[in-house]
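A look at the structure
Listed below are the residues making up each chain.
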Amino acid sequence: MRALVMAALALALVASGWAVQAGPAPVRFTLGVDQEVVGLDPHIVTAFSSFRRLDLLYNKLVRYNDQLRIEPDLAESWETPDARTYVFRLRRGVRFHSGAELTSEDVKFSLERVLDPATRSPGRSYIDVIESVETPDRYTVRIRLRHPLASLLSGLASGNLAIVEKAAVLQHGNLQRVVAGTGPFMLAEWVPDNYMRLVRNPRYFRRGLPRVDEVVFRVIPDQASLLAGVRSGALDMATINQGSVVVQAKREPGVVVLQKPGINLRIFSFNTTRPPFQNPAVRYALSFAIDRDAIVQTAEMGFAEVSGPVPASVRTYALPVSQFPSYRRDVARARRMLAEAGYPNGFSTRIVTSPTYEGGIAVAQVIQAQLREVGVLATLEQVEWGTYIDRWVKRDFDTMVELRGGDPDPDRFLYRTFHSTGAVNNFLFKDEAVDRLLERGRVNLDPERRKPIYAELQTLLVERAPALFLYVPYETQVLRPAVRGFRLVGNGSLYYLEEVQK
Amino acid sequence: MPPERRWLTVVGGAVVLTAVVVAAVGPALWMESALVMRTERLLEGPSWRHPLGTDQFGRDLLSRLLVGARPSVVVAFGAVGCATLAGTTVGVVVGSVGGLADQVAMRVADVLFAFPGLLLAMAVMAVVGPSLRNLVLVLGLVYTPQFMRVARASALAVRREQYVEAAEALGASRWRIVARHVAPNAMAPVLVQISLGLSLAVLAESALSFLGLGIQPPVPSWGNMLSEGRQFMEIAPWNAIAPGLAIALVVLGFNLLGDGLQELLDPRMRPEGL
Amino acid sequence: MSRYLGRRLLGAVPVLWGVVTLVFLIIRLVPGDALQLFLGTQVEMTPEQMAELRRVFGLDRPLWAQYLDYLGRVVQGDLGVSLRTARSVRGEIASRLPVTVQLAVLAVGIAAAVAVPAGVAAAVSRRAWVQACLRVAALAGLSIPSFWLATMLVLGASRVGVRVLGTYVPVWQDPWRSLETLLLPAVALGTGLAAALMRYVRASVLEVLGQDYVRTAWAKGLPARAVFRRHVLRNALIPVVTVAGFQLGYLLGGAVVVEEVFGLPGMGRLALGAILQRDYAMLQGVVLVTATLFVLTNLLTDLAYGWIDPRIRYD
């Protein structure tokens, strides 16, 4: 009996490295990710993990390239006859996975579906200045705006504004389970929590792409396991966000690490309606109390870049952090400012955090230790993810560690986050000067004139401190050395998988 | 008891006693050094200054290990204590009186038993929020039915023994019989269950920490040290080895002590423990 | 026999009812709103839209009405629809169950295969070093957390060039690959089990060896092998079956931690996700199915006694 079991074990181990395949095997690219997705309707989903898959299934009118500049996607070119009108010329001969040709009608339908409040699309707020969408001919789309919006193209490049096939939506109701896109890959098989298999779209409009026959997404929640998967050959690439695993990966000759500062921003938020944080001086004092470099070194193992309100990776707009006085830690000054604000002995507060990566438990621990040095005693409230979201929505926190999805256009990120009417201003932050700058920045289309506005705004936001801006984490992919042609976009997108080879 | 078994029991007792003493004084003596972060000394290996090395935040691992003994020991003794008290009392009583009370109690135990334990703990922790006290109560609840069953089974068996029947024939009251005869004689199997339960509780605390529902940082427990240290397994293995060894050692201590005590209390039984 | 079966099955009904009720209550006490979680932090919704959604999912009705409604549908075998994925709970569970059953059976199998010979050896061996080694091995097995062992196995195996983390395929599609994927996770799960099981085997073998009928058999001059097979092993198996059955039922609840590390799509992860996402219907379904399996496994265990030891009668 025992001998039998041992033999079985030995056989299984030997067989692990051994596989037979008949005929010319399709080239399969396996990608490890740590989260399963809930649905696939590009207009409805909100999770980062969903967008990574939609990148391969759908296209948008325009997209960001790996320099974070807008480039054509389904739209071949566009012009703005006046500040309130955009005219897009579509590529000809683009076909949906169903075989039907993409026309201006599908674009109009997609935009209107996002704008329809009944769809409940998170993308609606990006483009709600759209007054009308017209289709002068089969390959032209004209968009009229209520007022000029500098971040319109950025909004249209969002994953939530994918162009879908009108007929498919009318047939299926929504697209959570079916795919009606033009993307380089088509959905073949989906076993939740196990894998999703995509196959090459033979009619893809970028000639010669994609270069692999299949892309398989494997869901493995554990980060160390993801690296082990790449090391052992079960995965060709894995998305990693845990610093310790990245350190290990960099030491290994058998794997390649690609890294780039991402677009998401780690912040430490205040509820600006709760004492003592309704006093901007207290919030600003804490900006001097924390050591951002130490946070990056410990919580992210150095794989992040200290940033102001505009993600540091957006080089066109982001001010160098050396221009923010409070970014040089000064405990004495922080204490003095607290004393002037009426808290000579500091105060007690609570930090809401969660053990997931987004919930930033490590960041919270460092901030807690640093605040102690200026007399602020913070208790951690570590809650699981569900409760965390609940507290976030209800604005039920003193302070909170967050990871915000940033954007290459400063308007799209900052307006909804810090304007007093902003959709995700859960700091309950109200500041007239900030509101005015945000409003000026968004109607100005000329980047050269926008720059000074956003420079002033960044300085102001750091001082008024609705949140302490900390850093942008690096985006990290771990690959097998044989993989060629992959590039990081810098906003998490994976659409360069269409150019990947192995 | 043969000398080497007696010796092992003493070792087990010494380990458990050490853990208890460290748990009692640890937080008072070393809390400060367990919490202070030193950014210039991240993930350092063992040295004279830091005999067990430092963690991700440059905190001294030895201090954290000594402070972290308390939650682990409290959870183990607390949870098993609650379960033993509740489970044994109910088990012995219903096993002795029988009838409807017995039926109802056993059905309730069945429900708790059939409910997957870790799921129950996870769900309850999500409701009441993670804290040391809640952890003790939840794990206590999860372990109660096991003690109830064991105690009830031995109560049933003891009741059929001649000395109990004799006491009944002599007109002793039912409660007197339970207290004087049934309960003491049902203790041996309960004792085995206790040593097993203590080990399981220590491990359960670490599993819940792994899922983020255990002792809250920055206060260390062996469970959360182990689950935090796990991610540094390849670049700084000492982070996970120390708490892992501590857990293994204490579990070992519980088992050795349990085996020894059992043999001591009930010499008729052959040594059960391996 | 059939009367016994009937009574046992009938007895399971109140237990399952209790389980359903308990989970129904617990999950509704948890703070956090399923709908809000579903929508995440990026969507703005008016209170009217929220109320409408709540109505669609039946979350606007009083608790007792939801409860009665749920019980009614469960009795008809309808477990409802997942709040999160809008797929049928039964379908989701059906796709996860094979993974979990395979994993649990394999883990218990491995544990038994190791524990029975080791336990017997520990009981009969007179060599001190054998005793000592087995004792240390058993205690080590008992004191290693399974998530820890799982991580070690993944890292270790990937270092020595073994392909880990293969994609799960059901055993009926490709038995070989299925075994390949599940072997390491099963070892991670089975280790602790093996250690516990070994204690029981040793204890019961020792007890049986002391019984009169075994002494008689020896005295009759039967060969050791025959005594062992006919008497010792057979009787020693009873506690083993009890414990193995119990553990199997327990493992069917899903080994959350091991599934997380190995990326297996089992019941444990389904349950964890359901708790974290407040997916009421899904969690209720998972717990109910798990509890049912647990009860059934225990019943099978009891029936197995009769097969092992014909003296045991059911009435």
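Residues numbered from 1 in each chain as written. Chains lettered and ligands numbered in written order. Predicted model: local features only at pLDDT ≥ 70, side-chain atom pairs only at ≥ 80, totals over all residues.

We now examine the overall build of chain A. A tally of helices and strands in chain A yields 16 helices and 18 strands. For chain A, whose C-alpha radius of gyration is 24 Å, the value lies close to the compact-globule estimate of 23 Å for 502 residues. Summarising its shape, the C-alpha atoms of chain A cover approximately 80 × 75 × 35 Å along the three principal directions. Looking at the 502 residues of chain A, the share that counts as buried comes to 54%. (Helix = DSSP H or I, 4+ residues; strand = E, 2+ residues; numbered from the N terminus. Rg over C-alpha atoms; globule rule 2.2 N^0.38 Å. Buried ≥ 20, exposed ≤ 12 C-beta atoms within 10 Å, placed from the backbone.)

With that settled, consider the interface of chain C and chain B. The partner chain B presents 32 residues to the 38 residues of chain C that form the contact. Taken together, the elements giving at least two residues each to the side of chain C that touches chain B come down to helix H1 (2–29), helix H6 (128–143), helix H7 (146–159), helix H8 (175–209), helix H11 (256–262), helix H12 (267–277) and helix H13 (280–308) of chain C. When its residues are assigned to classes, the side of chain C that touches chain B shows 30 nonpolar, five polar and three charged. (Contact = placed C-beta atoms within 7 Å. Nonpolar A, V, L, I, M, F, W, Y, C, P; charged D, E, K, R; others polar.)

Residue and element names in this part refer to chain C. As a packed pair, H7 and H8 sit with axes 9 Å apart at the nearest point and diverge in direction by 145°. Crossing handedness for the pair H7 and H8: right-handed. Listed contacts from H8 to Ser146, Leu149, Ala150, Leu153 and Ala157 of H7 are Leu184, Pro185, Val187, Ala188, Leu189, Thr191 and Gly192. The residue inventory of the contact of H7 with H8, partitioned by class, reads nine nonpolar, three polar and no charged. (Axes fitted to C-alpha atoms, helices over the stretch in contact; angles between N-to-C directions. Left-handed = near helix turned anticlockwise from the far one by under 90°.)

Further remarks concern the pairing of strand S7 (residues 140–145) of chain A. All names here are of chain A. As paired strands, strand S5 (residues 85–90) and S7 are joined by five bridges and run antiparallel to one another. Each residue of the ladder has a partner; that of tyrosine 86, found in S7, is isoleucine 143. Two elements, strand S6 (residues 130–137) and S7, share five bridges in a ladder whose sense is antiparallel. In the strand pairing of S7, serine 132 is matched with arginine 144. In this antiparallel pair of consecutive strands, S6 and S7, the connection spans two residues. (Pairing = 2+ DSSP bridges.)

Attention now goes to the domain arrangement of chain A. Residue and element names in this part refer to chain A. Domain boundaries assigned for chain A yield domain 1 (25–58 + 183–255 + 480–502), domain 2 (65–172) and domain 3 (265–474). Computed from C-alpha atoms alone, the centre-to-centre distance between domain 1 and domain 3 is 32 Å. Each partner contributes to the interface: domain 1 provides seven residues, whereas domain 3 provides seven residues. Residues belonging to the side of domain 1 that touches domain 3 are distributed by class as follows: two nonpolar, five polar and no charged. (Domains from an automatic or database assignment.)

This part is about the pairing of strand S15 (residues 348–353) of chain A. Residue and element names in this part refer to chain A. Summarising the sheet, S15 and strand S16 (residues 377–382) pair through six bridges and their orientation is parallel. Its bridge partner lying in S16, isoleucine 351 is registered against leucine 380. Taken together, S15, helix H12 (residues 361–372) and S16 form a β-α-β motif whose crossover is right-handed. Of the pairings in the sheet, the one linking S15 to strand S17 (residues 399–404) comprises two bridges and is parallel in character. Paired with isoleucine 351 across the two strands is threonine 399, which belongs to S17. (Right-handed = clockwise from strand over helix to strand, strands pointing away.)

Residues and elements named next belong to chain A. Strand order in the open sheet formed by four strands is S4-S5-S7-S6, with antiparallel pairing between adjacent strands. Among the strands making up the open sheet, the edge pair consists of strand S4 (75–82) and S6. Averaged over all pairs of adjacent strands, the angle between their axes in this sheet comes to 20°, without regard to strand direction. Across the sheet, helix H3 (residues 104–115) is in contact with S5, S6 and S7; its angle to S6 comes to roughly 170°.

Time to look at the nonpolar core. One finds Ala121(B), Leu139(B), Ala107(C) and Leu197(C) to be the most contacted residues of the largest nonpolar core, which totals 324 residues. If sequence neighbours within four positions are ignored, Ala121(B) has contacts with Val138(B), Leu139(B), Val142(B), Ala204(B) and Leu208(B). (Core = buried A, V, L, I, M, F, W, Y, C linked by C-beta atoms within 7 Å.)

Residues and elements named next belong to chain B. Position of glycine 214 among the secondary structure elements: in the loop between helix H8 (187–210) and helix H9 (222–230). Each C-alpha atom of the pair glycine 214 and asparagine 134 lies 9.5 Å from the other, and the pair is 80 residues apart in sequence. Not counting residues up to four positions away in its chain, the partners in contact with glycine 214 are Pro130, Leu135, Glu205, Leu208, Ser209, Ser221, Gly223 and Asn224.

This paragraph deals with H12(C). Residue and element names in this part refer to chain C. With 11 of its 11 residues buried, H12 lies for the most part within the structure. Of all the residues in H12, the buried ones are Met267, Gly268, Arg269, Leu270, Ala271, Leu272, Gly273, Ala274, Ile275, Leu276 and Gln277. The positive-phi residue at the C-terminal boundary of H12 is arginine 278, with phi of around 55°.

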